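# Summary of the model geometry
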There are 2 protein chains.
Amino acid sequence: MKRVGKQTIIFENKPKIIANSAIVGPKEFAGPLKDFFDYRIIDDKWNEDSFEKAERKMLEFAICTAIRRSKKKLKNIDMLIAGDLLNQIITSSYAARKIDTMYLGIYNACSTFTEALAIGSVLIDGEYLNNVACATGSHFSTAERQYRYPLELGNQRTPASQRTVTGAGCSILSLEGEGPKITMATMGKVIDYGIKDANNMGAAMAPAAMNTLLAHFEDTSTSPKDYDLILTGDLGNLGSELLKIIMNNHGVDISKNHNDCGKLIYSDIQRTVQGGSGSGCSASVFNSYIIKKLNSGEYNKILFAATGALLSTVSTQQGDSIPAIAHALVIER
Amino acid sequence: MKRVGKQTIIFENKPKIIANSAIVGPKEFAGPLKDFFDYRIIDDKWNEDSFEKAERKMLEFAICTAIRRSKKKLKNIDMLIAGDLLNQIITSSYAARKIDTMYLGIYNACSTFTEALAIGSVLIDGEYLNNVACATGSHFSTAERQYRYPLELGNQRTPASQRTVTGAGCSILSLEGEGPKITMATMGKVIDYGIKDANNMGAAMAPAAMNTLLAHFEDTSTSPKDYDLILTGDLGNLGSELLKIIMNNHGVDISKNHNDCGKLIYSDIQRTVQGGSGSGCSASVFNSYIIKKLNSGEYNKILFAATGALLSTVSTQQGDSIPAIAHALVIER
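Note that this is a predicted model, so its numbers are computed, not measured.

Bringing the side chain of Thr164(A) into the picture now. You can see Thr164(A) is positioned in strand 8 (residues 163–164). When sequence neighbours within four positions are dropped, the list of residues in contact with Thr164(A) reads Glu28(A), Leu85(A), Ser138(A), His139(A), Phe140(A), Ala143(A), Arg148(A), Tyr266(A), Ser277(A) and Gly278(A).

To continue, consider the domain arrangement of chain A. Residue and element names in this part refer to chain A. In terms of domain boundaries, chain A breaks down into domain 1 (3–174) and domain 2 (181–332). For domain 1 versus domain 2, the separation of C-alpha centres amounts to 17 Å. Taken together, the contact between domain 1 and domain 2 spans 60 residues of the former and 61 residues of the latter. Buried area between domain 1 and domain 2, both sides added, is near 4900 Å², and the carbon and sulfur share of it is 61%. Contact with domain 2 buries surface across domain 1, with Gln7, Cys110 and Gln162 losing the most and accounting together for 16% of the total. One can count one salt bridge joining domain 1 with domain 2. Between Lys292 and Asp38 there is a salt bridge, and its shortest N-O distance comes to 2.9 Å. Linking domain 1 to domain 2 there are 29 residue pairs in polar contact (both at pLDDT 80 or more). Going through the elements one at a time, strand 2 (8–10), strand 3 (16–24), helix 1 (26–29), helix 4 (112–125), strand 7 (131–138), helix 5 (140–147), strand 8 and strand 9 (167–174) are the ones with two or more residues in the side of domain 1 that touches domain 2. Sort the elements by how many residues they give to the side of domain 1 that touches domain 2 and strand 3 lands first, with seven residues.

Looking at where Phe11(A) falls in the secondary structure, it is placed in the loop between strand 2 and strand 3. Spatially, the C-alpha atom of Phe11(A) lies 8.3 Å from that of Gly126(A), the residues being 115 residues apart in sequence.

On to helix 4 of chain A. Note that an α-helix has 3.6 residues per turn; residues three or four places apart therefore point the same way. Residues and elements named next belong to chain A. For helix 4, built from 14 residues, the straight-helix expectation of 20 Å at 1.5 Å per residue is met to within 8% by its first-to-last C-alpha distance of 20 Å. With 14 of its 14 residues buried, helix 4 lies for the most part within the structure. Of the residues one or two after helix 4, Glu127 is the one with positive phi, at around 60 degrees.

It is worth spelling out the environment of Ser93(A) at this point. Mapping Ser93(A) onto the fold places it in helix 3 (residues 90–98). Assessed through its relative accessible area of 0%, Ser93(A) is described here as buried. Considering only alpha carbons, one finds Ser93(A) and Thr65(A), 28 residues apart in sequence, at a separation of 18 Å. For Ser93(A), the contacting residues outside a window of four places in its chain are Gln88(A), Tyr103(A), Val190(B) and Leu310(B). At 3.1 Å, the side chain of Ser93(A) and the side chain of Tyr103(A) are in polar contact.

Here is what the cut-offs are and how they apply
Residues numbered from 1 in each chain as written. Chains lettered and ligands numbered in written order. Predicted model: local features only at pLDDT ≥ 70, side-chain atom pairs only at ≥ 80, totals over all residues. Heavy atoms only, no water. Helix = DSSP H or I, 4+ residues; strand = E, 2+ residues; numbered from the N terminus. Contact = heavy atoms within 4.5 Å. Domains from an automatic or database assignment. Buried area = accessible area lost by both parts, 1.4 Å probe. Salt bridge = Lys/Arg side-chain N within 4 Å of Asp/Glu carboxyl O. Polar contact = N/O pair within 3.5 Å; in protein donor to acceptor, adjacent residues only side chain to side chain. Expected span 1.5 Å × (residues − 1). Buried < 20%, exposed > 50% of the residue type's maximum accessible area, 1.4 Å probe, protein only.

Here it is, written out as structure tokens:
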């Protein structure tokens, strides 16, 4: 078995992340990671008829740019693994239509990006495929009107809310080539602490992040100090604070080297309340800021756990609490 | 590489389907497969507050029953791979909350069940996991009001429409044990012939089924006569006829041994127009009727390609055509 402990898979062939691409919206480009994003759109619709079509175009752009940067021919990209926040993940399925390759649609909300990397790594590590594109995206304007209220209402944000990131990212995984290596994956379980406030996803997701991180440290006999960075997906400011507290309650101190994509992407003066969220959040931050720091040697080994709140408008209306999940990867230079 | 041709993966360790379970609604139980279904619900809400909660309960029941039949302890089920038709696949995520195991949420519409079996087979064949539960479900009343109109309107069905199956199914895959073996998977590409009628999913999906079947026959140098049954997911009556015609146009005759879960599950007098559809269609038919015929020896080798129409209400409203996909598996006794 290529597994240690209960939830951690070992990749002996160490799939390489040979190319990346990220694209973000205007607000994300105005934030602190400006210098790390190679592409941005200037208006939220990107010359399309609808926000949904702009979201699709961003994901297609991220995928095509990453493939171009990998210097692989399209026919050598064996598979696209993708997901997004729109109902029936239409952004991903329409993006998959653009490229002539096998497609797996997946959905674990904002943890979809690490889910994609984990499945892609299994397919490559097991020598089933040579090159896999893993991509996710999200768009503030499509998510807002699907999950919450029409944009035109101009509703106030609640104090625990986060802003869905307008952005997309893609990583190309390969058996051969140069780039950071994925050496392990700790797959998450669904955790639900009974949070029912759909505007407080940080609180819903923090216990799932904790569960996966604790499982990882136990499975691999490591501790936070073994990693240059412990990166969560989109807990935001509040969720990150909660994670540190509940990890401390379990005797694990991550305060020295934890950060969160949802915290990184916006500055406080941008008034996004608790920071960013969405499946484009971790995808755009990882495929720009994080990958550049891995490639430059600033980070040698990171633990990357994107987190997802598995709710829908129907489950919220029916009074259900919010199940959450986190899938973690060890990525080494 | 454990691959032949472009799209077909070979499973050298031949993951076994060691246990199955299917549960259906009253209309499905009144159909021709009555004697093959071990469980049914008598009313569409199954004592729950909403159709959505009944759908969830059915999927949970299918998963728990299959695990029980596998004689494995819950702690030995390493992972649940599941998906469904509801927005944000909440049926699957809530079902995953019930069982303490790793979870991958996936979505390829009505082809989700074979997508789950394919990913599960890779994880077992590659010796990453020992036992994986693969499950999908759907519910007529939840799908109807999510995708189309309120049930109370009592809209007439259009001539090309299909009925979403109320049902769920689960297969337990294992590295060891007895049962039919999954020996290959041919993963699909997204195919779109420009069909825009959301009530004619058979026509939208037939080209995707053709694409995957042709790829499979080419990759493996086989032909329809090498299989006791070529089973599609939910093309229904019209889609199945279209598939035979377009396969014939490519010189491949599947008329002798093709059948379709959407055709099998209802009889003509049940007035479901073109038959059944939904991610519970192939899951409930495969995990009852088909698996029993594999276990009894009536079938020795089948090619099972569930098909999915990757549309959403938003994409339909915005005038988009319907992308489709099909993932195929070779299952041998």
